[in-house]
Amino acid sequence: QVQLVESGGGLVQAGGSLRLSCALSGLTFSSYGMGWFRQAPGKEREFVAGIGWNDKSTYYTDSVKGRFTISRDNPQNTVYLQMNSLKPEDTAVYYCAAEYLSTAHEMSVRRSVNYWGQGTQVTVSS
């Protein structure tokens, strides 16, 4: 019954922008830290951005700082990833994740999380 559904991926030119959305259902959204991860073909899954369960912290991997912004709308049970100044190396499948009472930084170091979305493809061309 717990579902995480991502949307907003697609094809974009380098320098462009996309906004990913992840809608969560089946649990109390405000009690979960949320994160975005990505995985390119032949590479390991990589943490991108996290936001704490109490909505008081955010954390980003160095390669996206200043370009990506994570936010959450608790009444709508939705987390967003605004991606600006996209680069070809941002091309990957992006996954939404939820972990009970996790801080933003904790999302970056966990090997596993409670729940994963199905992923959405982001392709950046040059």
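Residues numbered from 1 in each chain as written. Predicted model: local features only at pLDDT ≥ 70, side-chain atom pairs only at ≥ 80, totals over all residues. Heavy atoms only, no water.

Honestly, the overall build of the protein in this entry has me stumped. Any pointers?
Looking only at helices and strands, one finds one helix and eleven strands in the protein. Along the protein, helices (α) and strands (β) appear in the sequence β-β-β-β-β-β-β-β-β-α-β-β when read from the amino end. For a compact globule of 126 residues, the expected C-alpha radius of gyration is about 14 Å, and the protein comes in at 13 Å, within 12% of that figure. With the C-alpha coordinates of the protein rotated into their principal frame, the extents come out at 40 × 25 × 25 Å. Counting over 126 residues, the protein shows a buried share of 43%. If you take every contact in the protein between residues at least 6 apart in sequence, the share linking residues at least 24 apart comes to 60%. The protein carries 11 positive and 10 negative side-chain charges, and their two centres are separated by 1 Å. (Helix = DSSP H or I, 4+ residues; strand = E, 2+ residues; numbered from the N terminus. Rg over C-alpha atoms; globule rule 2.2 N^0.38 Å. Buried < 20%, exposed > 50% of the residue type's maximum accessible area, 1.4 Å probe, protein only. Contact = heavy atoms within 4.5 Å. Lys, Arg positive; Asp, Glu negative; His and termini not counted. Charge placed at Lys NZ, Arg CZ, Asp CG, Glu CD.)

How should the sheet that holds strand β3 (residues 18-25) be read in this particular structure?
Adjacent strands of a sheet form backbone hydrogen bonds with each other and so pair up, either parallel or antiparallel. With antiparallel pairing, four strands are arranged side by side in an open sheet as β1-β3-β8-β7. The open sheet has two edge strands with one neighbour each: β1 (3-7) and β7 (68-73). Taken over all neighbouring pairs, the strand axes of this sheet differ in orientation by 15° on average, direction set aside. (Pairing = 2+ DSSP bridges. Axes fitted to C-alpha atoms, helices over the stretch in contact; angles between N-to-C directions.)

Any chance you could explain the nonpolar core here in plain terms?
A general tendency of soluble globular proteins is for nonpolar side chains to be buried together. Ranked by internal contacts, the top residues of the largest apolar core, which has 28 residues, are Met34, Trp36, Val79, Leu81, Met83 and Tyr94. Of all the elements in the fold, those that place two or more residues in this core are β3, β4 (32-39), β5 (46-51), β7, β8 (78-83), β9 (92-100) and β11 (120-125). Grouped together as the second largest cluster of nonpolar side chains are five residues, Phe37, Ala97, Met107 and Val113 included. (Core = buried A, V, L, I, M, F, W, Y, C linked by side-chain atoms within 4.5 Å.)

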